[in-house]
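For reference, the chains in residue letters:
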Amino acid sequence: MFTDANAAVVADTSSGLIGEHNQKKADSNGLLFIGFCSQFGIMLPATFAELSVGSGVTYSSKTNKRMDYVGISQDLAANAAIECGQCPGAESLIIENENLPIYVQVRAVQE
């Protein structure tokens with residue numbers, strides 16, 4: 001799931017789908033998005049420090065923020081090696097009020 005969520009989220013420790021990496025304070029969109037992720041079993045890899053590469057910024061304005069996400073199914077995440085972050089060179093693309101390119105790489109892990 002790719003989404004321009006315009007949402008600031010905080011960790012959802014009850015579901016384990018949203019981690020604490022680079023979290024600030026949830027906004028109203030974030031609270032709705034957390035509920036959506038929980039209801040549909042969507043994990044946000046960029047919210048876990050061990051899976052995330054780079055600063056985590058997805059939107060550049062007066063203050064750089066993470067407001068956009070790539071989510072993956074909880075079932076897929078359970079059997080995969082995951083890495084995510086800004087696309088290489090994205091820092092050089094920062095222009096005020098612009099989204100930055102992000103990626104998620106998912107590789108199947110043999111059991």
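Just above, that's the structure.
Right, let's walk through the structure included here. (Residues numbered from 1 in each chain as written. Predicted model: local features only at pLDDT ≥ 70, side-chain atom pairs only at ≥ 80, totals over all residues. Heavy atoms only, no water.)

1. Some words on the nonpolar core
- Counting 18 residues, the largest nonpolar core has Val9, Ile18, Phe33, Met43, Leu44 and Ile82 as its most contacted members.
- Taken together, the elements giving at least two residues each to this core come down to α1 (28–40), β2 (42–43) and β7 (80–86).
- At three residues, the largest contribution of residues to this core is made by α1.
- Those residues in contact with Phe33 that lie beyond four places of it in its chain are Met1, Thr3, Ala5, Ala7, Val9, Leu44 and Tyr69. (Core = buried A, V, L, I, M, F, W, Y, C linked by side-chain atoms within 4.5 Å. Buried < 20%, exposed > 50% of the residue type's maximum accessible area, 1.4 Å probe, protein only. Helix = DSSP H or I, 4+ residues; strand = E, 2+ residues; numbered from the N terminus. Contact = heavy atoms within 4.5 Å.)

2. Quick word on α1
- Given a rise of 1.5 Å per residue, 13 residues ought to cover 18 Å, and the 19 Å separating the end C-alpha atoms of α1 matches this to within 8%.
- Within α1, the full set of buried residues consists of Gly30, Phe33, Ile34 and Cys37. Viewed along the axis of α1, the buried residues span an arc of 105°, placing them on a single side of the element. Away from its buried face, by an angle of more than 90 degrees, α1 presents the exposed residues Ser28, Leu31, Leu32 and Gln39.
- Packed against the buried residues of α1 are β1 (2–3), β2 and β5 (69–70).
- One side-chain oxygen at the N-terminal end of α1 lies 3.2 Å from the backbone nitrogen of Asn29; it belongs to Asp27.
- Among the residues trailing α1, Gly41 stands out with phi positive, at a value near 65°. (Expected span 1.5 Å × (residues − 1). Arc of directions from axis to C-beta. Polar contact = N/O pair within 3.5 Å; in protein donor to acceptor, adjacent residues only side chain to side chain.)

3. Some details on the environment of Ile18
- Counting through the fold element by element, Ile18 comes out in the loop between β1 and α1.
- You can call Ile18 buried: its relative accessible area is 3%.
- Taking the C-alpha atoms as reference, Ile18 lies 8.6 Å from Ala46; in sequence the two are 28 residues apart.
- Once you skip the residues sitting within four places of it in the chain, Ile18 turns out to touch Val9, Val10, Ala11, Asp12, Ile34, Cys37, Leu44, Thr47 and Phe48.

4. Some remarks on the sheet that holds strand β3 (residues 52–53)
- Taken in spatial order, the three strands of this open sheet run β3-β7-β9, and their pairing is mixed. Looking at the sheet topology across the chains shown, the edges are occupied by β3 and β9 (102–108).
- Here β3 runs beside β7; their pairing, made up of two bridges, is parallel. Paired with Ser52 across the strands is Cys84, a residue of β7. (Pairing = 2+ DSSP bridges.)

5. Some thoughts on empty space enclosed by the protein
- Taken as a whole, this structure holds one cavity of 30 Å³ or more when the rule is applied.
- Every residue lining the largest cavity is counted, 16 residues in all, and those nearest its centre are Ala46, Thr58, Cys84, Gly85 and Ile102.
- Of the residues contributing to the lining of the largest cavity, the split by class is nine nonpolar, five polar and two charged. (1 Å grid on protein atoms, 1.4 Å probe; cavity = no way out; pocket = protein on both sides within 12 Å on 5 of 7 lines; lining within 4 Å. Points joined across faces, edges and corners; volume = space filled by probe spheres on them. Nonpolar A, V, L, I, M, F, W, Y, C, P; charged D, E, K, R; others polar.)

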